There are 2 protein chains.
Amino acid sequence: MSTYHHGDLRAALLRGAAKILETQGIPALSLRDAARRAGVSHSAPYRHFPDREALLAALAAEGFELLGEAMRGHSGREMGEAYVRFALAHPQRFRLMFGGTVPMAKHAALRGAAAATHRTLVGAFSDLPRPQLAAAAAWSLVHGLSHLLLDGHFESAGNVEQFAAQVIGAVRFASGQRAT
Amino acid sequence: MSTYHHGDLRAALLRGAAKILETQGIPALSLRDAARRAGVSHSAPYRHFPDREALLAALAAEGFELLGEAMRGHSGREMGEAYVRFALAHPQRFRLMFGGTVPMAKHAALRGAAAATHRTLVGAFSDLPRPQLAAAAAWSLVHGLSHLLLDGHFESAGNVEQFAAQVIGAVRFASGQRAT
DNA sequence: ATGGTATGTTGTCATCGACAACATAACGGC
DNA sequence: GCCGTTATGTTGTCGATGACAACATACCAT
């Protein structure tokens, strides 16, 4: 028994879980499987996550940080396209973040990460007459677009990224005369 | 025993499952629980649904029909508001339909029901220059709005229905061509 | 009535989340 | 150095679940 203690089990669990998540989807993600991948007993993860939901919440929070990084530096239309690109690149992570599997209300860290991302988005619309409303509309648009693309509801459209850009470009916000 | 056969087990299972769905959420929905509610053995449902996913698919397809009925008769903004109202009224059903739990690709009946609803929506935009694109943008908007409202990302907004109407009203559809 | 088919039942297995009891490592005061 | 406290992993177990096999009963056409 060279190392009875793992050293950094929490990080190892998150790494393994992220891999399971993207390759086999949310329902296949079990604490026991994550433990196996870390070469550790089936019950060890409970020292780091009180229950399965806590692990999912940590993965989701990590996802919001990644999304925030993907959006940072862009503004307006480009930010929207970055949003959709992120969703298409990490479909399962995106579903975990927004699929309702993890109740936001119960996980403060997750709420915080989501709120930070929200602020980044609202900030990009600060030059419009009603930033909150415009940001809400823009977010709704790219968020719904991402979901519908992931679900395959727009299969008739050819190139996905190009289609997304067209949809985003087809929308104007009424309270001001300027397009994004 | 009076009735060895149930008579209409499939319908009874769907009814019970729908109740479990809205009261306890998707993960709590088990074939065994549905069987219990129908007063039938734990294995009987397999005669009607090859596996758990098939039951979920049937519930989702039913959901698309309900959504189609809710949208029918309206057009434009009103249809969008009806969409959001449906999502808020049946949150778990909505998540089941769009949460990615059920892979559309594997269930033809589900695909058909979704496509029918899609047609209803596109039809409402036939008077605009580019109906397909406008419909896609409109659908994305109300779909994303529904999801974000359900996830509690717009808690700062007061009255929910009024907020939804404002967001929908803040958007215009342009026919401008777009190149990346 | 008779035989085939559709429908339910009983029994069983592997996996999972969760918990309790126990074992070992790491750290700090002395 | 020594020892006790705390953090971290392990073993063992329970109830619930999805899935399947083997069996039993009702229904229907001939």
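Residues numbered from 1 in each chain as written. Chains lettered and ligands numbered in written order. Predicted model: local features only at pLDDT ≥ 70, side-chain atom pairs only at ≥ 80, totals over all residues.

Tallying secondary structure elements over chain A gives 8 helices and 1 strand in all. Mapped from its N terminus to its C terminus, chain A presents α and β elements in the order α-α-α-α-α-α-α-α-β. With the principal axes as the frame, chain A shows a C-alpha extent of 70 × 35 × 25 Å. Taking all 180 residues of chain A together, 39% fall into the buried category. In chain A, of all internal contacts separated by at least 6 residues, the share reaching a separation of at least 24 is 64%. (Helix = DSSP H or I, 4+ residues; strand = E, 2+ residues; numbered from the N terminus. Buried ≥ 20, exposed ≤ 12 C-beta atoms within 10 Å, placed from the backbone. Contact = placed C-beta atoms within 7 Å.)

Once that is clear, we can look at the confidence of the model for chain A. The predicted model of chain A has a mean per-residue pLDDT of 92, with 93% of residues at 70 or higher. Every residue in residues 176–180 of chain A scores below 50 in pLDDT, and together they form 7 contacts with partners more than four places removed in sequence or on other chains. (pLDDT = per-residue confidence, 0-100.)

Because an α-helix packs 3.6 residues into every turn, residues spaced three or four apart end up facing the same way. Taken as a whole, helix α8 (residues 160–169) of chain B has its buried residues at A164, V167 and I168 of chain B. Buried residues of α8 of chain B fall within an arc of 95° about the axis and therefore sit on the same side. If you follow the buried residues of α8 of chain B, they end up packed against α7 (131–150) of chain A together with α4 (77–89), α7 (131–150) and β1 (171–173) of chain B. (Arc of directions from axis to C-beta.)

Turning next to the interface of chain A and chain B. Listed by partner, the interface residues are 37 residues for chain A and 36 residues for chain B. Among the secondary structure elements, those contributing two or more residues to the side of chain A that touches chain B are α5 (91–98), α6 (108–123), α7, α8 (160–169) and β1 (171–173) of chain A. Ranked by residue count, the leading element in the side of chain A that touches chain B is α7 of chain A, at 14 residues. When its residues are assigned to classes, the side of chain A that touches chain B shows 21 nonpolar, 13 polar and 3 charged. As defined by bridge partners, β1 of chain A adjoins β1 of chain B across 3 bridges and the pair is classed as antiparallel. (Nonpolar A, V, L, I, M, F, W, Y, C, P; charged D, E, K, R; others polar. Pairing = 2+ DSSP bridges.)

With that settled, the discussion passes to the relation of the copies chain A and chain B. When chain A is brought onto chain B, the operation consists of a screw motion whose angular component is 180° and whose axial shift is 0.0 Å, with 0.1 Å RMSD remaining. Taken together, these values place the two copies in the relation of a two-fold axis. An overlap of 89% is found between the interface residues of chain A and their copies at the interface of chain B, pointing to a shared contact surface. (Least-squares fit on C-alpha atoms with pLDDT ≥ 70 in both.)

A word on the packing of α4 of chain B against α8 of chain B. Residue and element names in this part refer to chain B. Two elements in contact, α4 and α8, have axes separated by 10 Å at closest approach and are oriented at 140°. The angle between α4 and α8 places the two elements in the oblique class. Between α4 and α8 the crossing geometry is right-handed. Where α4 abuts α8, its residues R77, G80, E81, V84 and L88 lie against V160, A164, A165, I168 and G169. In terms of residue class, the contact of α4 with α8 is made up of 6 nonpolar, 2 polar and 2 charged. (Axes fitted to C-alpha atoms, helices over the stretch in contact; angles between N-to-C directions. Parallel < 35°, antiparallel > 145°, perpendicular 65-115°, else oblique. Left-handed = near helix turned anticlockwise from the far one by under 90°.)

Core analysis: the biggest nonpolar cluster contains 102 residues, and A60, A137 and L141 of chain A together with L59, A60, A137 and L141 of chain B have the highest contact counts within it. Contacts of A60 of chain B, omitting those with residues within four sequence positions, involve L96, M97, V102 and L110 of chain B. (Core = buried A, V, L, I, M, F, W, Y, C linked by C-beta atoms within 7 Å.)

Turning our eyes to something else, we now look at the environment of H118 of chain B. Secondary-structure assignment places H118 of chain B in helix α6 (residues 108–123). Sequence separation between H118 of chain B and A135 of chain B is 17 residues, and the spatial gap between their C-alpha atoms is 9.0 Å.

Let's shift gears to the environment of A136 of chain A. Mapping A136 of chain A onto the fold places it in helix α7. Taking C-alpha positions, A136 of chain A is 9.0 Å from L121 of chain A, a pair spaced 15 residues apart along the chain. Setting aside residues up to four positions removed in sequence, A136 of chain A forms contacts with F154 and V167 of chain B.

The subject of this paragraph is helix α5 (residues 91–98) of chain B. Counting buried positions along α5 of chain B yields 7 of 8 residues, so the element is predominantly enclosed. Turning to α5 of chain B, its buried residues are Q92, R93, F94, R95, L96, M97 and F98 of chain B. Tucked inside the fold, the buried residues of α5 of chain B contact α7 of chain A together with α1 (9–24), α3 (52–71), α4 and α7 of chain B. Downstream of α5 of chain B by a residue or two, G100 of chain B has a phi angle that is positive, lying close to 85°.

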